[in-house]
Amino acid sequence: MNARPQPQAGTRLLLSGNEAVARAVWEAGVRVAAAYPGTPATEMLETLTTYPDLVAQWGVNEKVSLEVAIGAALAGARSFTALKQVGLNVAADALMSQTLAGVRAGLVIAAADDVGLSSSQNEQDSRFWGRFGHLPILEPADAQEAYEMTLAAYEISEQFETPVILRMTTRVCHVKSLTTVGQRREAPAKGAFTHDPMRWVLVPATARRRQPVQVERDKAMAAASENSPLNFAIAGSDKRIGFVTSGPGFLNVREAFPNAPVFKLGFSYPPPIEKIRAFAKGVERIVVVEETEKLLETELMAAGIACTGKAILPASGELAPEILAPAIAKLLGEPVPVRKATPAAQQVFPRPPTMCVGCPHLGAYYTLARLRRQVTIAGDIGCYTLGALHPWKALDTTTCMGASLTMALGLDKGRSPEDQDKGIVAVIGDSTFLHMGMQGLLNLTYNKGNVTVLILDNHTVGMTGGQDHPGTGKDAYGMAAPRVDFPKLVEALGVNPERIKVVNPYLMPVLFKTLKEEIAIPEVSVIITNQPCVLIEDFERFAPYQVVEKDCTGCGNCLNTGCPAILVRKRETVTKNNRPQELAFVDIDMSGCTGCGLCVETCGPDAIKRMAPIAKGGHHHG
Amino acid sequence: MAEAVTNVLLCGIGGQGVLTAAEILAETALELGHDVKKTEVAGMAQRGGVVTSHLRFGAKVYSPSIPPGEADILLAFELAEGLRWIDHLRPKGVALINTLRVVPPVVSTGLFNYPADPLADIRKAGIDMRAIDAGGIAKELGNVRLVNTVMLGAVADFLPLPAEKVKAVLTRRFAARRPEMAEANTKAFEAGRAASRQAQPVPA
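Residues numbered from 1 in each chain as written. Chains lettered and ligands numbered in written order. Predicted model: local features only at pLDDT ≥ 70, side-chain atom pairs only at ≥ 80, totals over all residues.

A count of helices and strands for chain A gives 19 helices and 22 strands. Seen along its three principal axes, the alpha-carbon backbone of chain A occupies a region of about 80 × 65 × 60 Å. By residue count, 52% of the 622 residues in chain A fall in the buried class. If you take every contact in chain A between residues at least 6 apart in sequence, the share linking residues at least 24 apart comes to 75%. (Helix = DSSP H or I, 4+ residues; strand = E, 2+ residues; numbered from the N terminus. Buried ≥ 20, exposed ≤ 12 C-beta atoms within 10 Å, placed from the backbone. Contact = placed C-beta atoms within 7 Å.)

With that settled, the discussion passes to the overall build of chain B. The helix and strand tally for chain B stands at eight helices and six strands. For chain B, the sequential pattern of α-helices and β-strands runs β-α-β-β-β-α-β-α-α-β-α-α-α-α. Relative to the compact-globule value of 17 Å for 204 residues, chain B shows a C-alpha radius of gyration of 16 Å, a close match. Expressed as lengths along the three principal axes of its C-alpha atoms, the size of chain B is roughly 45 × 45 × 40 Å. By the burial criterion, 58% of the 204 residues in chain B qualify as buried. Within chain B, counting contacts between residues at least 6 apart in sequence, those at least 24 apart form 63% of the total. (Rg over C-alpha atoms; globule rule 2.2 N^0.38 Å.)

The subject of this paragraph is the confidence of the model for chain A. Detailed reading of the predicted coordinates is not advisable wherever pLDDT is low. Across chain A, the average pLDDT comes to 94, with 97% of residues at 70 or higher. Below pLDDT 50 for its whole length, residues 615-622 of chain A participates in 17 contacts with residues either more than four positions away or in separate chains. (pLDDT = per-residue confidence, 0-100.)

What follows covers the domain arrangement of chain A. As assigned here, chain A comprises domain 1 (12-184 + 198-225), domain 2 (232-331), domain 3 (360-529) and domain 4 (545-610). Relative placement of domain 1 of chain A and domain 4 of chain A: their C-alpha centres are 51 Å apart. (Domains from an automatic or database assignment.)

Bringing the nonpolar core into the picture now. When a protein is soluble and globular, its nonpolar side chains tend to lie buried together. One finds Ala33, Ala110 and Leu166 of chain A together with Ala95, Val150 and Met151 of chain B to be the most contacted residues of the largest nonpolar core, which totals 174 residues. By size, the runner-up hydrophobic cluster in this structure holds 74 residues, among which are Val427, Met463, Leu489 and Ile527 of chain A. (Core = buried A, V, L, I, M, F, W, Y, C linked by C-beta atoms within 7 Å.)

Turning next to the interface of chain A and chain B. Between chain A and chain B, the contact holds 55 residues from the first and 63 residues from the second. If you list the elements that add at least two residues to the side of chain A that touches chain B, you get strand S1 (12-16), strand S8 (175-180), helix H10 (248-256), helix H13 (321-331), strand S20 (566-576) and strand S21 (579-588) of chain A. Split by residue class, the side of chain A that touches chain B holds 28 nonpolar, 17 polar and ten charged. With three bridges joining them, S8 of chain A and strand S2 (residues 35-39) of chain B adopt antiparallel strand pairing. Paired with Lys176 of chain A across the two strands is Lys38 of chain B, which belongs to S2 of chain B. (Nonpolar A, V, L, I, M, F, W, Y, C, P; charged D, E, K, R; others polar. Pairing = 2+ DSSP bridges.)

The subject of this paragraph is the pairing of S21 of chain A. Across ten bridges, S20 of chain A lies against S21 of chain A in antiparallel orientation. Across the sheet, Val574 of chain A pairs through a bridge with Gln581 of chain A, a residue of S21 of chain A.

So, on to helix H3 (residues 62-75) of chain A. It helps to recall that an α-helix has 3.6 residues per turn; residues three or four apart then point in one direction. Residues and elements named next belong to chain A. Under the 1.5 Å per step criterion, the end-to-end length of H3 is 20 Å for 14 residues, consistent within 8% with the ideal 20 Å. Across the 14 residues of H3, ten count as buried, placing the element largely inside the fold. Of the residues making up H3, those classed as buried are Glu62, Lys63, Ser65, Leu66, Val68, Ala69, Ile70, Ala72, Ala73 and Leu74. Lining the buried residues of H3 we find strand S2 (32-35), strand S4 (79-84), helix H4 (85-101), strand S5 (107-113) and helix H8 (197-200). The first or second residue beyond H3 is Gly76, which carries a positive phi of 110 degrees. (Expected span 1.5 Å × (residues − 1).)

So, about helix H15 (residues 403-413) of chain A. Residue and element names in this part refer to chain A. Counting buried positions along H15 gives nine out of eleven residues, so the element sits mostly inside the fold. Taken residue by residue, H15 has Ala403, Ser404, Leu405, Thr406, Met407, Ala408, Leu409, Leu411 and Asp412 as its buried positions. Lining the buried residues of H15 we find strand S14 (375-378), strand S15 (423-429), helix H16 (430-446) and strand S16 (452-456).

Looking now at the packing of helix H1 (residues 18-31) of chain B against helix H7 (residues 163-177) of chain B. Residue and element names in this part refer to chain B. Viewed as axis vectors pointing N to C, H1 and H7 meet at an angle of 120 degrees, and their least axial separation amounts to 9 Å. The angle between H1 and H7 places the two elements in the oblique class. In this structure, the crossing between H1 and H7 has a hand that is right-handed. Note on element contacts: H7 touches H1 through Lys165, Val166, Val169, Leu170 and Arg173, opposite Ile24, Leu25, Glu27, Thr28 and Glu31. (Axes fitted to C-alpha atoms, helices over the stretch in contact; angles between N-to-C directions. Parallel < 35°, antiparallel > 145°, perpendicular 65-115°, else oblique. Left-handed = near helix turned anticlockwise from the far one by under 90°.)

Take the sheet that holds S15 of chain A next. Residue and element names in this part refer to chain A. In space, the five strands of this open sheet follow the order S14-S15-S16-S18-S17, with parallel pairing throughout. Edge positions in the sheet fall to S14 and strand S17 (500-503), since each of these pairs with one other strand and no more. Within the sheet, the average angular offset between the axes of one strand and its neighbour, ignoring direction, is 20 degrees. Where helix H14 (residues 360-370) meets the sheet, it contacts S14, S15, S16 and strand S18 (525-529), and its direction lies at approximately 155 degrees from that of S16. Where helix H18 (residues 508-520) meets the sheet, its contacts fall on S14, S15, S16, S17 and S18, and the angle it forms with S17 comes to roughly 165 degrees.

Turning our attention to the confidence of the model for chain B. Model confidence for chain B is summarised by a mean pLDDT of 89, while 93% of its residues fall at 70 or above. Both scores are given for the predicted complex: the pTM is 0.95, the ipTM 0.92.

On to the sheet that holds strand S1 (residues 6-13) of chain B, then. Read from one edge of the open sheet, eight strands run S1(A)-S8(A)-S2(B)-S3(B)-S1(B)-S4(B)-S5(B)-S6(B), paired in mixed fashion. In this open sheet, the two strands that pair with only one neighbour each are S1 of chain A together with strand S6 (128-132) of chain B. Put simply, the sheet's adjacent strands are angled 20 degrees from each other on average, direction ignored. The strands that helix H1 (residues 17-27) of chain A touches are S1 and S8 of chain A; relative to S1 of chain A, the one it contacts most, it runs at about 115 degrees.

Time to look at unusual backbone geometry. Residue and element names in this part refer to chain A. For the peptide bond that leads from Thr39 to Pro40, omega is 5 degrees, which places it in the cis range. Among the secondary structure elements, Pro40 is positioned in the loop between S2 and helix H2 (43-48). That bond from His390 to Pro391 is cis: its omega, 0 degrees, falls within 30 degrees of zero. As for its placement among the helices and strands, Pro391 is situated in the loop between S14 and H15. The phi dihedral of His459 falls on the positive side, at around 60 degrees, and the residue is not glycine. Residue placement: His459 occurs in the loop between S16 and helix H17 (486-492). Classification of His459 as buried rests on a count of 24 C-beta atoms within 10 Å. Even without glycine at this site, Asn578 takes up a positive phi of about 65 degrees.

Here we come to the environment of Ala260 of chain A. Residue and element names in this part refer to chain A. Position of Ala260 relative to the elements: it lies in the loop between H10 and strand S11 (262-265). For Ala260, a count of 21 C-beta atoms within 10 Å puts it in the buried group. As a C-alpha pair, Ala260 and Arg240 span 20 residues in sequence and 7.9 Å in three-dimensional space. In contact with Ala260, not counting residues within four places along its chain, are Gly236, Asp238, Ile241, Gly242 and Phe243.

So, on to the environment of Ile24 of chain B. Residue and element names in this part refer to chain B. Mapped onto the elements of the fold, Ile24 is located in helix H1. Residue classification places Ile24 among the buried residues on the basis of 20 C-beta atoms within 10 Å. Once the C-alpha coordinates of Ile24 and Leu119 are considered, the two residues, 95 residues apart in sequence, prove to be 27 Å apart. Setting aside residues up to four positions removed in sequence, Ile24 forms contacts with Leu152, Val166, Val169, Leu170 and Arg173.

Printed below as a string of structure tokens:
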């Protein structure tokens, strides 16, 4: 994407929280932004690629992205990074040291917590980093606040010479609401970078000198929080409960209890303890509504402000009005409100996320499923984590980015006598490999592991919607960029060239044979699949297939590919060798079929035939 | 709960254009001076999973989510999804249900059953339900991709927003992005309006 004309100052726009942050980053005069994609944070950097006057780039992971932003901030440019909650773990090494040295120009880290676990492996609370790293935390509730607090975050960052964490949640990132925007202003000039090793070279002697600075900074930030207009009380007539809340919790409290007094935190760390103490005096009791951990509540208790919160509210997930209302009614000894809703219907089948029609990963997982009993399979983070599900059930572990290769080495070295003959397979995608898998592979070859690595290279970051990375040959703007050569890369990381195979995953017999051979060889092998994600431009559709009804024997083999275009036409139970056997006769949804031919390879009676090419859009779906 | 906030729950599955339809309604409400909030579901839901969009508009909207039992209108782009979300409707709410069935692999492979007659089950809830064969209508108009526009037309007369305004926002959006589709979309919108008018409401 290239710079687009941007709306004028004063315009009211319907923006998502992510888009609002991007707008404010641009207006704040930021010149460098770097990030790695991750739901729900991805659109912040993506949107920045449409703005002029700044450099927006995909980094290979969150740590390098934050370090680029730190470097830019030392050079004197306001800078920005966005990441999801687990991404901040990856970047934490840089964060926890730079917090001592601080920054010259403003640096804002937008950390997006996946409250409610829509697309993550855990639900950690990024507000901890404020306590851990002595950093200010700002917490917007919606897009307008995300916009305003991003601008405020740059002021705070420069005032205290520290990175600032803008704590977002899924309900802020992905909710669209009205946002009134302003205009870009150049950031205050910081002048040339000057040699100052006592500040920027962190070794024990310099770090020790910075510690008292940090203590003073903590005090100054606490005073600033007490006086910040981002922390304020809203009066209410029903003084039985005063709510102390931040982020989307604030909106839910206002929705459920419009007459209650509320203390709203925007500059939530350090918390404005004295302001809250004063607020508490005007109400009968305090309830803290925070997503998700018991942080503020603990701090208020420590400060001697009596309150409750997690004792009556859920310890995880969103605190929606329908969760707050009954909990508060119970606390007040009132009857729990009964909603006059339409009665719930019968249980409807689940519709879990699944791989796409014709996805190249289908071939890999169908093949792995056939080897299931002979191997332990360590998985990783991406669309292909879905391979753990029905019908493939072809993953044994998933923990975090890059952990497939490293845990595979541990599974190899720690194997029990019963597992001596088992193969160990690590499955990782192209972007995840570049994010955190390269070190794991080097570690694997160096330590002489007996592991077969399957790199599923679909030429994109699939799960987050198709972003570019060093393996795609394009940068964040879609412009040509150096493209990493995976076979050469893995060879450089110590893999024997004879053990590096590039395979088309749609040719399942070849993939099967290659996997079997490489698993049998007791050294590190790398098999790279080389077909693109079906959702990106490089993907080529072919004429669809159809099932010749009379030839289908109902064996159901093709259903084991997991391709969503294969539909069951009818089921039958027959008796074969005195045993009941379930038959499933199939059809193919030809409007969805990409003509990849995977299912043809699974069809014994050869009942799946290619159609003549059809006109686009001419078939009714379903 | 605050009065005068209208809650529209749109549901369907990944890739059906649920979010785009919600966006058009949100833009319409915005242009008419309402406060608007609209949730988006992304991430894993893009992979054939359940997609919902909560649209709330009125004088002042706080929480972006529609609590269960508070939706005024349910706009379902798929039959079983309509059934799944029916309990989010308020008792006198209106449900507009596309009769399209999209069968997921968990059903194809025999782990679960697709409900035999979701419309009958929805009727049992005793609400104003109107079934729309949006796919059939779009096909008659010559392009199955018009399904979303048919559904937008179907809901237009049930919203506290002028249908003509919804149509204008829709038309403008297509004029900017796909001018060749503008006329077809207008036709699809009107066909959807007619279909929901003709669809027999089931008395509560």
